[in-house]
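Spelled out, the chains give:
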6 protein chains.
Amino acid sequence: MATSSSILLLAALLALVSWQAIASDPVRVNGFVCKNPMEVNADDFFKAANLDKPRVTNKVGSNVTLINVMQIAGLNTLGISIARIDYAPLGQNPPHTHPRATEILTVLEGTLYVGFVTSNQPAPNRNKFFSKVLNKGDVFVFPVGLIHFQFNPNPHQPAVAIAALSSQNPGAITIANAVFGSDPPISDDVLAKAFQVEKNTIDYLQAQFWENNHN
Amino acid sequence: MATSSSILLLAALLALVSWQAIASDPVRVNGFVCKNPMEVNADDFFKAANLDKPRVTNKVGSNVTLINVMQIAGLNTLGISIARIDYAPLGQNPPHTHPRATEILTVLEGTLYVGFVTSNQPAPNRNKFFSKVLNKGDVFVFPVGLIHFQFNPNPHQPAVAIAALSSQNPGAITIANAVFGSDPPISDDVLAKAFQVEKNTIDYLQAQFWENNHN
Amino acid sequence: MATSSSILLLAALLALVSWQAIASDPVRVNGFVCKNPMEVNADDFFKAANLDKPRVTNKVGSNVTLINVMQIAGLNTLGISIARIDYAPLGQNPPHTHPRATEILTVLEGTLYVGFVTSNQPAPNRNKFFSKVLNKGDVFVFPVGLIHFQFNPNPHQPAVAIAALSSQNPGAITIANAVFGSDPPISDDVLAKAFQVEKNTIDYLQAQFWENNHN
Amino acid sequence: MATSSSILLLAALLALVSWQAIASDPVRVNGFVCKNPMEVNADDFFKAANLDKPRVTNKVGSNVTLINVMQIAGLNTLGISIARIDYAPLGQNPPHTHPRATEILTVLEGTLYVGFVTSNQPAPNRNKFFSKVLNKGDVFVFPVGLIHFQFNPNPHQPAVAIAALSSQNPGAITIANAVFGSDPPISDDVLAKAFQVEKNTIDYLQAQFWENNHN
Amino acid sequence: MATSSSILLLAALLALVSWQAIASDPVRVNGFVCKNPMEVNADDFFKAANLDKPRVTNKVGSNVTLINVMQIAGLNTLGISIARIDYAPLGQNPPHTHPRATEILTVLEGTLYVGFVTSNQPAPNRNKFFSKVLNKGDVFVFPVGLIHFQFNPNPHQPAVAIAALSSQNPGAITIANAVFGSDPPISDDVLAKAFQVEKNTIDYLQAQFWENNHN
Amino acid sequence: MATSSSILLLAALLALVSWQAIASDPVRVNGFVCKNPMEVNADDFFKAANLDKPRVTNKVGSNVTLINVMQIAGLNTLGISIARIDYAPLGQNPPHTHPRATEILTVLEGTLYVGFVTSNQPAPNRNKFFSKVLNKGDVFVFPVGLIHFQFNPNPHQPAVAIAALSSQNPGAITIANAVFGSDPPISDDVLAKAFQVEKNTIDYLQAQFWENNHN
């Protein structure tokens, strides 16, 4: 015997999301469990995220701790998320894009060399690369969809940044991983021509272990 | 003799911005100077904002340093901004709304008691107040347009937060200031009835000095 | 035994709403019952709202009869709603905001003194208060998210207005109610400092009966 | 000698509009004069529109008095407008669409027979016609882009309605006028086949005087 | 006994769509079956649409083969669709509007006489008719919501076009069909006055067989 | 002596664009010349684009002829553009993204092997690669911001496709060009680590000639 109730996250009032609870199965929005609006409370807008704590960095020397709608259900439809990024000495958050968000970043600790590349320009112009060295307290903007990175040039000290993104689910595409580490791999014929290298260079690249920095 | 050239901030490609350069007058978008796109560079996406530095707090014990489109022209149309908020011991960022943005906040230093009030509910329900004590590294969300505040309950230690807002020009309306400190003042007849107090209470309130916490 | 069918309100074609009918439980969008599109008819876009009839006003002397998506399911996703507002002699629709809508209003009967307060301005400027006396047939606009009110200055005659809002679910936040009448109450320490009054003034305010004018 | 100043209507803060004043020429947004934001005042959100006054109706027996961004500059970017519609006995606001707005309407005086036609349906279904007789105080919704009309079935009494539209510049396309009264005319070959009539019927139609009900 | 799983189309990450699978009933978004995101694959973004193949044209000499979200589930929320249009010699895609999309069209074969009519203009101006003869390889734009048509002026050769629309569900309203062929019919009193013809002309028109060109 | 007039492209009625003509300098929106609305005509929505004609392909064997707002001023704000893509035998439109548009594509001639890579997935999952072989008349969708490509696997025959994009100014970022061919180059230290290769491999790559396929 099925029972049903219609529920709506408070935050969802801003958008157009509806759903059904069936039997004892949880109701979900964008894949996340929703609650009866009568039961929504402050915890639905809260995350004990430990953004003050250093993280172990990955093989390229960074770690992105993103607090998006997967961590805070109340963010759904509200168009924003926040992240802490740790950089090991000489570590980098490698070239990537956010398909659905602009990013604004401020440096909490250390120094960062950051940059982004513009869209293709009319020939004979090439994509422009804009870069900057950021010190503590500086702010930089990475426009939506453009390839960008951050690099900690200090060989001895880590760096830390707080970044905010203009979507509750910005997505991230690490370029090297998406191009050379996809499952299944992209045809090496295609990539060899696109990157103007021998196929065995592509094969070598595709044989590496591609660890996603963040998602 | 007027000369003219049409220029476009790189970021403005995302929207619908128009302009004119005239003689030696600078061109502006939303009131801010624009540059010839051939002359756009990394500095247009950068601000040496000193967000790592403590600020002197105002009479209610807080200080909001907002980096929006007025500080970084390249933010125009990109839908995000970032702020550092300083709280003196027992200081507060008093009840306010952002008419055009949701806010996400993380605590860098100290402790914050934060909360927001929901929209009016069907009678006999009253506006719900959601609150939470945040420690370092915690994250909290204030949905667009809702009245919210942060308060530092510690009588001895300051607190610091980083907040991001989902607009390059979110606006802020400090409730007490807007209601009791506007120029010219709102009729005390209207406010006395709305707030269920004597007119002389309103007059007293309107006679205070209302310093805007942030804009 | 559960049966299921997928249904779609005609109006919802404009957006991204989906749901499930289960057993005999009604299907809902934003909490409201939906119908099989084959069964959608003119009644889904209609409300016998009696907007021509005077209403009994509340303790501040007004009554807002809002026809939004809760009254007309077909409004879902269409971004508009309409209201009749009754004002007793000397009655007011007290200072409030709509977090998700601009309002446009025309006076049907009587006279209204109306106004709104702008966002915080750069110091030393204060929030500007824009006001106007409206006569029958006049039109006034209250921009999204700004604090505004209407007051009937006539001690003998009621007033009536028709207002439209740019959302099917605009929300309303009556400032005094949200600040002093929330459930649970906001800390009186916080409010005393924010409003520059003694705590017992806040306690007095919080002890009043806060009747929501409209939602 | 050119002087220049950058100005921004308060309401335009919500969007992305900028411009330049040059010499003594007025600055315009969407073709309408803008003001220095320091000079914006309540009048920029106001129109003495006389919406309480009956209008002389046109040859099909109606008159639409639309208050949009052309009448109230402060409406720019705010996404709403309002109209009074007068109907002579047996008068109609003939079949038309708004390419950029949904409409919500309430009857102030008299009776209206109203309706709209849905988009094309999968064959063999035809476009559905939804209609309703509205009495004073009733509310009806016409979804964006759909063909709709209002007709006053009373041979002796006029009718009056207030309508609101979800755009500050909704546009209107009176079907008969646009199809048969355009300048220059559409090819009668095309129209004869589309409407399944003889070309001379089209020619007859195109020879009529097509007075636009509203714009 | 009901089982449930929450699923999300990859494409839906861009928006806010959620749903529930119940028992063996398929889950739907906007009425179309969704899949577990773990099971999403290239086929969800693919349609063997045979857009290279000529179509049998209808009684006005055209055939629109639209590939929208009904044919490619992965299009949901992505805001685009594509169509092949076949024109018999002297055939036409009769005057129609898309309530939710702008159209851009290029001619693959033959010649097309195309046009659209603007919104109502301030009196005494009439709706402007913009037309053009398109040859193979030419491109033309029909702005959202405006009445437009294409006509093949060649009495011997067919024509073919590819059109794209700025919505995954643009809708189409064939003017003659919606006005004269709706179910049930619009009152002939209303239409006679609107079109300035005798009621029996309307009755004649309404008695025709109105085949929808496309939906 | 400066003269000025305010002008508005018909299409711009849909958005919020304004500007000023000064002296004899043309007025521009997004960098393109605008016209007095009284002078707007069918040519502002038209381009003799020769999309039926084969193009000479570039060094990776493709050529994208995009008709966007730079070719058709009337497209401004309307959110769509169209392209013809030529593929030499074994040619490719190399991996790229559109930061502001989804793409839908249909094959006119030949065969295409197409694919896109999803956003980063939660570890240990890798970015998924979705691919498909398209024959004449098939349709495929590339969601906004995702890396995608098309490849003509036929060693003897060219291929041709028509693609539409959900923006009047979609932008394009060819991955290899943006990463290895930017001006100035990205630090080879950063790229060597990101791509897990020796610096001299990066140096070799950066020394190639990077011809932009399209912009």
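Quick notes on the rules
- Residues numbered from 1 in each chain as written.
- Chains lettered and ligands numbered in written order.
- Predicted model: local features only at pLDDT ≥ 70, side-chain atom pairs only at ≥ 80, totals over all residues.
- Heavy atoms only, no water.
- Salt bridge = Lys/Arg side-chain N within 4 Å of Asp/Glu carboxyl O.
- Helix = DSSP H or I, 4+ residues; strand = E, 2+ residues; numbered from the N terminus.
- Buried < 20%, exposed > 50% of the residue type's maximum accessible area, 1.4 Å probe, protein only.
- Least-squares fit on C-alpha atoms with pLDDT ≥ 70 in both.
- Contact = heavy atoms within 4.5 Å.
- Axes fitted to C-alpha atoms, helices over the stretch in contact; angles between N-to-C directions.
- Parallel < 35°, antiparallel > 145°, perpendicular 65-115°, else oblique.
- Left-handed = near helix turned anticlockwise from the far one by under 90°.
- Buried area = accessible area lost by both parts, 1.4 Å probe.
- Polar contact = N/O pair within 3.5 Å; in protein donor to acceptor, adjacent residues only side chain to side chain.
- Nonpolar A, V, L, I, M, F, W, Y, C, P; charged D, E, K, R; others polar.
- Pairing = 2+ DSSP bridges.
- Arc of directions from axis to C-beta.
- pLDDT = per-residue confidence, 0-100.
- Phe/Tyr/Trp six-rings, centres within 6.5 Å; stacked < 30°, edge-to-face > 60°.
- Lys NZ or Arg CZ within 6 Å of the ring centre and 35° of its normal.

(A) Broad picture of the pattern of salt bridges. Counted under the stated rule, the structure contains 36 salt bridges over all chains. Of the charged contacts in the structure, one is a salt bridge between aspartate 189 of chain B and lysine 199 of chain B, with a shortest N-O distance of 3.1 Å. With aspartate 189 of chain B in helix H2 (residues 188–195) and lysine 199 of chain B in helix H3 (residues 199–207), this pair connects stretches of sequence that are 10 residues apart. In this structure aspartate 189 of chain B comes out as partly exposed when scored by relative accessible area, which is 41%. Via salt bridges that share partners, Asp188, Asp189 and Lys199 of chain A belong to a single interconnected network.

(B) Molecular detail of the environment of proline 94 of chain B. Mapped onto the fold, proline 94 of chain B is located in strand S6 (residues 92–97). As a C-alpha pair, proline 94 of chain B and phenylalanine 151 of chain B span 57 residues in sequence and 7.7 Å in three-dimensional space.

(C) Geometry of the relation of the copies chain B and chain C. With an RMSD of 0.0 Å, chain B superimposes on chain C once it is rotated by 180 degrees and translated 0.0 Å along the axis. Read as a symmetry element, the transformation amounts to a two-fold axis. Mapped onto chain C, 100% of the interface residues of chain B are again interface residues, and the two copies thus contact each other with one and the same surface.

(D) Seen up close, the packing of helix H2 (residues 188–195) of chain F against helix H3 (residues 199–207) of chain F. All names here are of chain F. Two numbers describe how H2 lies on H3: the axes approach to 8 Å, and their chain directions differ by 110 degrees. By the angle class used here, H2 and H3 are roughly perpendicular. Like other packed secondary-structure pairs, H2 and H3 cross with a definite hand, here right-handed. Counting all contacts with H2, which are made through Asp188, Asp189, Leu191 and Ala192, the residues of H3 involved are Lys199, Ile202, Asp203 and Gln206.

(E) Here's a closer look at the interface of chain B and chain C. Facing the 59 residues of chain B at the interface are 59 residues of chain C. Summed over both sides, the interface between chain B and chain C buries roughly 4900 Å², with carbon and sulfur atoms accounting for 61% of that surface. Per-residue buried area on chain B facing chain C is highest for Asn120, Lys193 and Gln196 of chain B; these three make up 14% of the total on that side. Inspection of the region where chain B meets chain C yields 18 residue pairs in polar contact (both at pLDDT 80 or more). Taken together, the elements giving at least two residues each to the side of chain B that touches chain C come down to S6, strand S8 (112–117), strand S11 (147–151), strand S13 (173–174), helix H1 (175–180), H2 and H3 of chain B. Across the side of chain B that touches chain C, the residue classes tally to 33 nonpolar, 20 polar and 6 charged.

(F) Main features of the sheet that holds strand S15 (residues 173–174) of chain C. If you trace the 5 strands from one edge of the open sheet to the other, you get S11-S10-S13-S8-S15 (chain C), paired in antiparallel fashion. Of all strands in the sheet, those bounded by a partner on one side alone are strand S11 (129–134) and S15 of chain C. Lying on the sheet, H2 of chain B is in contact with strand S8 (92–97) and strand S13 (148–151) of chain C; it crosses S8 of chain C at an angle near 80 degrees.

(G) Geometry of the relation of the copies chain D and chain E. Note on the identical chains: chain D maps onto chain E by a rotation of 180 degrees and an axial translation of 0.0 Å, with an RMSD of 0.0 Å. When the interface residues of chain D are mapped onto chain E, 100% of them again fall at the interface, so both copies present the same face.

(H) Broad picture of helix H3 (residues 199–207) of chain D. Those residues of H3 of chain D not exposed but buried are Ile202, Leu205 and Gln206 of chain D. Considered in projection along H3 of chain D, the buried side chains sweep an arc of 95 degrees and stay on one side of the axis. Along H3 of chain D, exposed side chains directed more than 90 degrees from the buried face belong to Asn200 and Ala207 of chain D. At its buried positions, H3 of chain D is contacted by helix H1 (175–180) and helix H2 (188–195) of chain D together with helix H2 (188–195) of chain E.

(I) Examining the confidence of the model for chain A more closely. Confidence along chain A averages 84 in pLDDT terms, with 80% of residues attaining 70 or more. Throughout residues 1–34 of chain A the model reports pLDDT below 50, and contacts reaching past four residues in sequence, or to other chains, amount to 115 contacts.

(J) How the structure looks around the environment of proline 89 of chain F. Tracing the chain through its elements places proline 89 of chain F in the loop between strand S7 (81–87) and strand S8 (92–97). By relative accessible area, which is 32% here, proline 89 of chain F ends up partly exposed.

(K) Region of the structure containing the packing of aromatic side chains. Counted according to the given criterion, the structure contains 60 aromatic pairs over all chains. Taking 5.3 Å as the distance between ring centres and 55 degrees as the angle between the ring planes, the aromatic pair formed by phenylalanine 140 of chain E and phenylalanine 142 of chain E counts as tilted. Using a relative accessible area of 1% as the deciding quantity, one classes phenylalanine 142 of chain E as buried. Through successive ring pairs, a cluster of aromatic residues spans Phe180, Phe195 and Trp210 of chain A together with Phe180, Phe195 and Trp210 of chain F. It is lysine 132 of chain B that lies over the ring of phenylalanine 46 of chain A; its NZ or CZ is 4.5 Å from the centre.

(L) Geometry of the interface of chain D and chain E. Each partner contributes to the interface: chain D provides 59 residues, whereas chain E provides 59 residues. Inspection of the chain D/chain E interface yields 0 salt bridges. Our count for the contact surface shared by chain D and chain E stands at 18 residue pairs in polar contact (both at pLDDT 80 or more). Looking at the side of chain D that touches chain E, the elements that each hand over two or more residues are strand S8 (92–97), strand S10 (112–117), strand S13 (148–151), strand S15 (173–174), H1, H2 and H3 of chain D. Partitioned by chemical class, the residues of the side of chain D that touches chain E number 33 nonpolar, 20 polar and 6 charged.

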